[in-house]
Amino acid sequence: MNPINSTPKQDGFFMPAESAPQQKVWMIWPERPDNWRHQSQPAQLAFTKVAEAISQTTPVTMAVSEAQFEQARAQLPAHIDVVRIDNNDAWMRDVGPSYVINQQGQSRGISWQFNAWGGELDGLYSPWDNDDAIAAKVCQIDNKDHYQAPFILEGGSIHVDGEGTVYTTEECLLHPSRNPDLSKSQIEAYLKQYLGAEKVIWLPQGLYNDETNGHIDNILHVVKPAEVVITDCNDPEDPQYPISKQAKAFLESQTDAKGRSIKVHTLPMPGPLYLTEAEAAGIAPSQGMKREAGERLAASYANYLITNKQIVFPLLDSQYDDQAQEILQNLYPDYLVTGVEAREIVLGGGNIHCITQQVPKS
C-alpha cells in the first residue's frame, strides 16, 4: 500500500497513550552476532521470555528473517505468531511503525526514516535498509494504512500521554546525526503534525552512555497524563547523578499540553552495570558498536512496556529488582506487573520497551 499523502494531524489522528487498549505487540527475533553474544542464543531465550510474558495479556507477533525462521518457530510457543521479515537488528520500537488513532477508532501507522541511530556520522551498523523498510511491511501485514514521515526519528525517542503532550530529549532529536538540516522548531512542528500533539517537552539528556544518543524511553516513562517516572541516581560521583537530578527539576518546572504541572516519580538505577570480559568475548567484532569489557551498560527500569493492564519490566540487578517491582505496582495498582530477566537485552544496547511495539485496538 502506498503511503498516505497528508499528516495524521490533518486527518484527525493522534498517538494514543501506551496504556490504551492494544490489539497486539510486535517484536523482531535477534540474530546479529556483533550485537548479541554466542550467536544470539542467550538473547533469543530472553526475547522468548519477554514474548511469553506479554502474551499473558496481549497477542505477540515475532518478525524473523528467512535464515532464522525454523529456529524461531521451534523455540517460540505456538501461540506466538511468527512472520518472515528481513531485518538488520531487533529493535522493533525504533524501526517499526508508531501508531496513531482517531475518534472513530481507526488506526494507522507512521513509518519514520531510520539511519541506525546516526547514519554515516555515528550509526551503529551499515547497511540499515532492511530496518528502514520494516514499518511499511508491518503495516501491510496488518492491513493498516500508513504515513511516511519526511525526517529521521526512532520510536524510542518519543513518549506521549495521549492528551497532546510529547516527551523527547534534545540530546537525541537535536543530535547532528539525525536531522542536521532541521531546526528545533521545525522538528517540533513535525512532531505535532505526525503525533497529533499540542506540546513537546524537551528533556535535556537521556541516560548516561546510551548509544542511541539519549532516547527518552531509557530514562522516562509516562505513567498517566501529567505523571511520569524517571530513573534516579543517588551517588553524586556517578555521571548519571547530575543527569537525573536535572531531569527531575526540569520536569517539575514544566506544564503539559493541558496546563497541568507534572508529577515526577523515581525508579532506582540498577548497578551501575558493566559488560564483563566473558560477555564481551562472545560478541563478534563490529565497526559501529562498541562492545568492550568494562563498558558501562545503559540499564534502566524505566525501559518497560505497558500493555493491556500489564507492566512488563526488566529484571537487571537483584539489589534493586524488588524495589522497582514495588514502585511499579504502586504506580499501576490494578495492573499485572511482570519482571523478566533482561541482562542479555541490555547487553545489546536497550531493553524491553526498545524491543517491542504495540498496535492499538481499532
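Cut-offs used in this document
Residues numbered from 1 in each chain as written. Predicted model: local features only at pLDDT ≥ 70, side-chain atom pairs only at ≥ 80, totals over all residues. Heavy atoms only, no water. Helix = DSSP H or I, 4+ residues; strand = E, 2+ residues; numbered from the N terminus. Phe/Tyr/Trp six-rings, centres within 6.5 Å; stacked < 30°, edge-to-face > 60°. Buried < 20%, exposed > 50% of the residue type's maximum accessible area, 1.4 Å probe, protein only. Lys NZ or Arg CZ within 6 Å of the ring centre and 35° of its normal. Pairing = 2+ DSSP bridges. Axes fitted to C-alpha atoms, helices over the stretch in contact; angles between N-to-C directions. Contact = heavy atoms within 4.5 Å. Salt bridge = Lys/Arg side-chain N within 4 Å of Asp/Glu carboxyl O. Core = buried A, V, L, I, M, F, W, Y, C linked by side-chain atoms within 4.5 Å.

Colleague: How should I be thinking about the environment of E70 in this particular structure?
Modeller: If you trace the backbone, E70 turns up in helix 2 (residues 69-75). Taking C-alpha positions, E70 is 35 Å from Y335, a pair spaced 265 residues apart along the chain.

Colleague: Would you mind showing me how to read the packing of aromatic side chains here?
Modeller: Within the structure shown, the criterion is met by 12 aromatic pairs. With centroids separated by 5.1 Å and ring planes inclined at 55°, the aromatic side chains of Y332 and Y335 adopt a geometry described as tilted. You can call Y335 buried: its relative accessible area is 13%. By way of ring pairs, the aromatic residues W112, F151, Y190 and Y194 are connected into one cluster. Residue placement shows R84 over the ring face of F69; its charged tip is 3.6 Å from the ring centre.

Colleague: Mind showing me how you'd approach the sheet that holds strand 4 (residues 98-101) here?
Modeller: The strands that make up a sheet are held in pairs by hydrogen bonds between backbone atoms, and each pair lies either parallel or antiparallel. Here 3 strands make up an open sheet; going across it, the order is 4-5-6 and the pairing mixed. Among the strands making up the open sheet, the edge pair consists of strand 4 and strand 6 (146-152). Along the sheet, successive strands turn relative to each other by an average axial angle of 30°, direction set aside. When strand 4 meets strand 5 (residues 107-113), the two strands line up antiparallel, connected through 4 bridges. In the strand pairing of strand 5, I101 is matched with S107.

Colleague: Help me understand the sheet that holds strand 12 (residues 263-267), please; the structure alone is not making it clear to me.
Modeller: One open sheet accounts for 3 strands, arranged 10-11-12; its pairing is mixed. Taken across any chain shown, the strands that pair with only one partner, and hence form the sheet edges, are strand 10 (220-224) and strand 12. Ignoring which end each strand starts from, the neighbouring axes of this sheet average 30° apart. Note: strand 10 against strand 11 (residues 227-231), 4 bridges, orientation antiparallel. Residue pairing across strands places L220 opposite I230, the latter belonging to strand 11. Sheet contacts for helix 8 (residues 240-252): strand 10, strand 11 and strand 12; angle to strand 11, the most-contacted strand, approximately 170°. Where helix 10 (residues 321-331) meets the sheet, its contacts fall on strand 10, strand 11 and strand 12, and the angle it forms with strand 12 comes to roughly 155°.

Colleague: Any chance you could explain the pattern of salt bridges here in plain terms?
Modeller: All told, the structure shown has 17 salt bridges when counted by the stated rule. We note a salt bridge from K184 to E170, for which the minimum N-O separation is 2.7 Å. Of this pair, K184 sits in helix 7 (residues 184-195) while E170 sits in helix 6 (residues 170-173), and the two are 14 residues apart along the sequence. What emerges from the salt-bridge pattern is a single network uniting E163, D256 and R260.

Colleague: Just checking my understanding: could you explain unusual backbone geometry for this structure?
Modeller: Note: most peptide bonds trans; most residues except glycine with negative phi. The peptide bond linking S126 to P127 adopts the cis configuration, its omega dihedral lying at 0°. With an omega of 15°, the peptide bond running from G271 to P272 counts as cis. Checked against the element boundaries, P272 lands in the loop between strand 12 and helix 9 (277-281). The phi torsion at N143 lies on the positive side, around 60°, for a residue other than glycine. One can find N143 in the loop between helix 5 (129-141) and strand 6. Look at N143 and you get exposed, because its relative accessible area is 63%. Even without glycine at this site, N308 takes up a positive phi of about 45°.

Colleague: I would appreciate a short explanation of the nonpolar core in the present structure.
Modeller: When a protein is soluble and globular, its nonpolar side chains tend to lie buried together. Of all hydrophobic cores here, the largest spans 72 residues; its most connected members are M27, Y304, I311, F313, Y332 and I345. It is helix 1 (residues 41-54) that provides the largest number of residues to this core, a total of 7 residues. When near neighbours in sequence (up to four residues on either side) are disregarded, F313 contacts Y301, Y304, D321, A324, Q325, L328, V337, T338, G339, V340 and I352. If you look at the next biggest cluster of nonpolar residues, it comprises 22 residues, including V100, V160, L182 and L195.

Colleague: How should I be thinking about the environment of P33 in this particular structure?
Modeller: If you trace the backbone, P33 turns up in the loop between strand 1 (22-28) and helix 1. By relative accessible area, P33 is classed as partly exposed at 39%. When the C-alpha positions of P33 and D89 are compared, they lie 9.9 Å apart, and in sequence the two are 56 residues distant. Not counting chain neighbours up to four residues away, the residues in contact with P33 comprise S40, I283 and A284.

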